[in-house]
Structures are given as structure tokens and as C-alpha cells.
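Letter by letter, the chains look like this.
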Amino acid sequence: MPAALRTARTGGMLALAVVIALLPLALANNYFYDVAVLVGLNAIVCIGLNLLIGYAGQISLGHAGFFGLGAYGSAILTARYGWPPLASLAAATAGVALLAWLVGRPILRLRGHYLAMATLGLGVIIAIVISNEDQLTGGPDGMSVPPLALFGHALTGEKAWYWVVGALLLLAVWLALNLVESPGGRALRALHGSETAAEVVGIDSVRQKVMVFVLSAVFAAFAGGLTAYYSGFITPGRANFLHSIELVTMVVFGGLASTFGAVVGAAVLTTLPQLLAVLKDYEMVVFGAVMMLTMIFMPKGFVPTLTARFAPGERK
Amino acid sequence: MSLLRVEALSKEFGGVHAVQALQFEIPAQGVYSIIGPNGAGKTTLLNLLTGVYRPSAGRIWFDDKELTGRAPHHYAAAGVGRTFQNLQIFFNMSALENVMVGRYLHERCGLVAALLRFPSLARAERACRAEALQLLEFVGLAGYARAASDSMPYGALKRLEIARALAARPRLLLLDEPAAGLNPTETQEIVRLIERLAARGITTVLVEHNMKLVMGVSDHVLVLDYGRKLAEGSAESVRRDPKVIEAYLGSEAQAHA
Ligand SMILES: Nc1ncnc2c1ncn2[C@@H]1O[C@H](COP(=O)(O)OP(=O)(O)O)[C@@H](O)[C@H]1O
Ligand SMILES: [Mg+2]
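Residues numbered from 1 in each chain as written. Chains lettered and ligands numbered in written order. Predicted model: local features only at pLDDT ≥ 70, side-chain atom pairs only at ≥ 80, totals over all residues. Heavy atoms only, no water.

Take the overall build of chain B next. Each helix and strand counted, chain B has 11 helices and 10 strands in total. For chain B, the C-alpha radius of gyration of 19 Å lies close to 18 Å, the compact-globule estimate for 257 residues. Along the longest, intermediate and shortest principal axes, the C-alpha atoms of chain B span 65 × 40 × 35 Å. As displayed, chain B offers around 11100 Å² of accessible surface, 50% of which is attributable to carbon and sulfur atoms. (Helix = DSSP H or I, 4+ residues; strand = E, 2+ residues; numbered from the N terminus. Rg over C-alpha atoms; globule rule 2.2 N^0.38 Å. Areas by Shrake-Rupley, 256 points an atom, 1.4 Å probe, with all protein chains shown as cover.)

Across the contact, 36 residues belong to chain B and 31 residues belong to chain A. Both faces considered, chain B and chain A share a buried interface measuring about 3100 Å² in area, 64% of it formed by carbon and sulfur atoms. Run the count over chain B and chain A and you get two salt bridges. In this structure, the salt-bridge partner of E97(B) is R189(A), at a minimum N-O distance of 3.2 Å. At the boundary of chain B and chain A, one finds seven residue pairs in polar contact (both at pLDDT 80 or more). (Contact = heavy atoms within 4.5 Å. Buried area = accessible area lost by both parts, 1.4 Å probe. Salt bridge = Lys/Arg side-chain N within 4 Å of Asp/Glu carboxyl O. Polar contact = N/O pair within 3.5 Å; in protein donor to acceptor, adjacent residues only side chain to side chain.)

The next thing to look at is the domain arrangement of chain B. Residue and element names in this part refer to chain B. Examined at the domain level, chain B breaks down into domain 1 (1-79 + 170-257) and domain 2 (89-168). Between domain 1 and domain 2, the C-alpha centre-to-centre distance is 27 Å. Contacts between the two partners involve 19 residues from domain 1 and, on the opposite side, 12 residues from domain 2. Carbon and sulfur atoms make up 71% of the surface buried where domain 1 meets domain 2, a total of about 1200 Å² over both sides. On the domain 1 side of the interface with domain 2, the three residues burying the most area are P170, L193 and R200, jointly 32% of the side's total. R159 serves as the salt-bridge partner of E189, at 3.6 Å between the closest nitrogen and oxygen. The interface formed by domain 1 and domain 2 holds two residue pairs in polar contact (both at pLDDT 80 or more) in total. At the level of secondary structure, the elements contributing two or more residues to the side of domain 1 that touches domain 2 comprise α2 (72-78), β7 (172-176) and α8 (184-199). With six residues, the top contributor of residues to the side of domain 1 that touches domain 2 is α8. (Domains from an automatic or database assignment.)

Attention now moves to the site of ligand 1. All names here are of chain B. Every residue lining ligand 1 is accounted for by F13, V16, A18, P37, N38, G39, A40, G41, K42, T43, T44 and Y53. Here an oxygen atom of ligand 1 and a backbone polar atom of A40 are 3.2 Å apart. G41 has a polar backbone atom sitting 3.0 Å from an oxygen atom of ligand 1. Out of a free accessible area of 560 Å², ligand 1 has 62% covered by protein chains. Going through the elements one at a time, β2 (16-27) and α1 (42-49) are the ones with two or more residues in the shell around ligand 1. (Near = heavy atom within 4 Å.)

Below, the structure is given as C-alpha cells:
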């Protein structure tokens, strides 16, 4: 398995890099680049969320809250306080990490439905605060965000963003793959398999769950901040419950406990509503239908089902 | 000197006294067996001795360090390992990975080292894999290294749990009915495995209700009945104890007659 695993790892990374490098050949205009950038940003969130849901087996229905806090935190520090964008992004992400750590300890002692409800509540609270603090956030109307400046150059235009997000996506995949195959990553999967057995071999389950909860919140906040700078405008909708559900749907569709699955899930479910523009008003219906069909026809998700089909006997 | 010491240990489940005022010491050498009829409180006792259950009353010392009320991972860190009567396998992982998880206490590293896969970690991972393979071989599962654990037969999973527990290098290993559900050949293999554990210097606590198995390998036997200590001593003295014969061996003997 070591050699096979390593090839699956490196092979997957290489394949993703090739796709990112060659995709521009198929991107006819800025609109397509725009969709590709949004895919990449959502994929980063999903990779983190999949560490929590897919590997550690802990649900979160509030990750859009972390995404929104990262977005608004970065935007507010830059627009209202004049902080440099990178410093704002780092501070907002660190702030979200701290928040996730503080709420994570009590929340992650809960299991199943209770954890789902607690994270749901957390997300709702964040969304309401963002909506109500209109002095800072612009309220329900949203707020505009200055562009991301890198070393004195403003990063503007879909094409430039495409390459930055592409590189960051590869980085996120690499980090997640590394974690999953470390002792800590195995501990997460063990918790999912049998929490009692994991504890009995020395794994502090609450500590491990808090660690992955914070990490997934960091991925979400970082991508949220980038999304704010990229779009130039944000609204509270990005932080709300429906967005949390979209993110979970991407992870479940792509495949629980599959990092590449998270990327595929984000790609398909970010692109689909854009392509089916007529369905725009029914976006949530599409997500609901995808979730139901996935559960019924391929409960393991897209990528694991595909892998099992083409590599029978081999298990990831 | 005793490795584990228990004082006035009790566990109650809403009126059911599963374990009542138990007092005993497990010496630092040999095979210590805990026997008793079904429902005697053996599994509850193991759950207490590994922190899975909190005692309703009483205290637990391991190696003269009090562990009463601590979480299971503290017991593991102190050197207590165990297997489960009802299998607790990580079915989402391969056999080899199950054993590698057992190495957690000795392999764990910082988050940054894991995310960036420091070269030192990559080396430690290779060593961990090699050691896990050796342990699979030790319990007779070399052929299953790559197998998905959810495709393995029951008897193999019983031994996989032992390999996983050994991976943590415990000083005290608690086996909850390791031969339950096994055929005679497999049971013999488990007995030989327990003897090899003893030869390795690992103190083993064997929970069983298979009397023949217990009498053959035990240095010391504790008999439970309705959560209380019924008798304690060498296998020979316990076997002759009239109370034990009445409560337990008697019914066995009748069943076998
Ligand atoms: N988690 C639990 N909740 C309620 N009752 C329990 C629980 N665990 C064990 N018991 C009860 O405690 C008694 C001892 O059970 P157990 O320790 O499993 O016995 P043994 O392993 O010797 O067969 C039984 O009456 C059982 O029903
Ligand atoms: Mg039992």
C-alpha cells in the first residue's frame, strides 16, 4: 500500500495541477474565469470541511459563519480601519481560529444531532450579527471591499486571480493530504471508526476534534477573506445557513473522506447553478435534489464511487 | 509489587450494581484472569480499569499513580491497553492502519509538522509502518496487512485488536473474552498468543468464561459473581473453592456432564 498510496497522492496532485494549468485553454472569456475562481475558493472551504465531516465524522452546519467572518473581518479591517489587505486577511483568519477554538471545546463534546444543532446555532448567530451590525458591515445591503494588494500591486482581473487561487488550491490539497496521512490524521479517522477504541489507544478525542474544527474554520475564513477581496463586494447571504448547507452538499456529493472528492464536489456544485442559469431561483432546490440523489445512489460520494469502480479491491 | 490496585470499586447503572466494592491487586508479572458467569460484571470492570466508565465509588491506582476519574487516554498514556468483547475495529481503515493508530502515543506530532510533512515525520511514519507490520506478523495476520478491515473474518479481527493494543506498548494488557466466538483451533492459537505475551513480559489480564482456557494459562484468578468478589487465588485453589464450584463451575460441570 505505501507505494500505491504515494502514487495516488502524487498522481492526484499532478492531475489537479495539469487541470489547473490547462483549463484556461477552455475558458473562453472572463465569465468562465470567474466561475473557475469561485470553484477554487469553494474547493478550499470544502477541503477543510471534509477534514471535519468526512475524516473525523463530525458534522458542522455553521461553516458559512466562519466563511462570512473571514470575509467581513478582512473587509472591515481593510475598508474601515485601513489595514493592509494581507494583514487584514491574516488577522481575520486568526480571529476565526480563536473563536472556533473557544466555541469548539464545549460544542465538540456533543455528538450527532446535538452537534449539528449547536453548529447550526453558531452559524445563525454569526449571520444575524453580521446583518445587524450595519455600522461596520453595511447590514443586509452588504459592503464593498477594496482590492487585494500584493507587494504594492493590486490583484485585479479574473485571470490574475485564477492563477493565485489555483496555486492556493494546490497548497490546500497538499496540506490536507499530508494531514490525513499523519498520526493526527489517522487519529481523526479512528475517532470516526470507533471513538471508544480511539480513546483507549491514547487519543484525546475532544482535543483532536477541536484541532480539526479549528483547522476547517481557518480554511473557511481564509477562503472567505479571499472571496471578499476577489468579488469586491460582500453580502450577509454568504454567511447564512443556506450557504452552510451548500458547502456540506459539495462535500457529501464529492465524497466523504476524499480530499479530491471535496474539490470535485465544489467544482460540480459551483458550476451547475451557473450553467443552468434558468434555475437560478431554484438553486437551493438543485442542492437539495443533489443531496438526496447522492444519499440514495452513491452514499460514498462521487470520487470514492468512481475510484472503487476503476480500482476494485484497492481501498483508499 | 502490584502494577494495578483497586480499592472499594463500585459501578451502578440506575439501581443495577454491576460492580460492587471490589478490592484487589494485579501483580506486575504473569497472567491474571477474571472469570465469572455472564452478567457478573467483568466487562464493566474492564471499562472501569480503562477509564471508559467512571466509577460510582472507589479508587484505581496504576503503578502507584491514581487514575480514578481520568479519561481513557490518560490510562493509555500510563500504560494500560485493552481489547473489546464486542469488537471495536476502525472499519474505515486497513488492518495495517488499525495497528498504526495503536502507535499514536509514540508517534503523535505537532499540527505544523503534520501539515507540512516534515522529513522527520516521513521517517517516523516508515518506522511506524514497519513496526505495525511486525505486530501483525506476531499475532499471525501478516497476510492481512493490506486488507480492508471490514473484509476480514471475525477471528482475524479479534487478533487485530490485540495487535493494535500491543502497538501502544502497554505494560498491562486487558483482554475481554479474546476467545469468545472462536473455534477450538483458533482458541488454541489465542492461548499460545497469550503465552507469548507473558514471555514478552507484558502483564496480561484475561477475562473469560471459557474455564479450560483460563485454568491452563493463569497465574492468578479472580472470580466475580453479581459484581462481587467470590474468590481469588491460584487457578488450583479457585478450582477447589466450594463457593466457586457452586456459583460457576457447578453449572459448567453440569452442562458438560
Ligand atoms: N452501559 C450499561 N448500562 C446499563 N447496564 C449495564 C451497562 N453495562 C453493563 N450493564 C449491566 O451490568 C451487569 C454486568 O454486565 P457486564 O459487565 O457486561 O457482565 P459480563 O461482562 O461479566 O458478562 C449486567 O447486569 C449488565 O446488564
Ligand atoms: Mg462481558
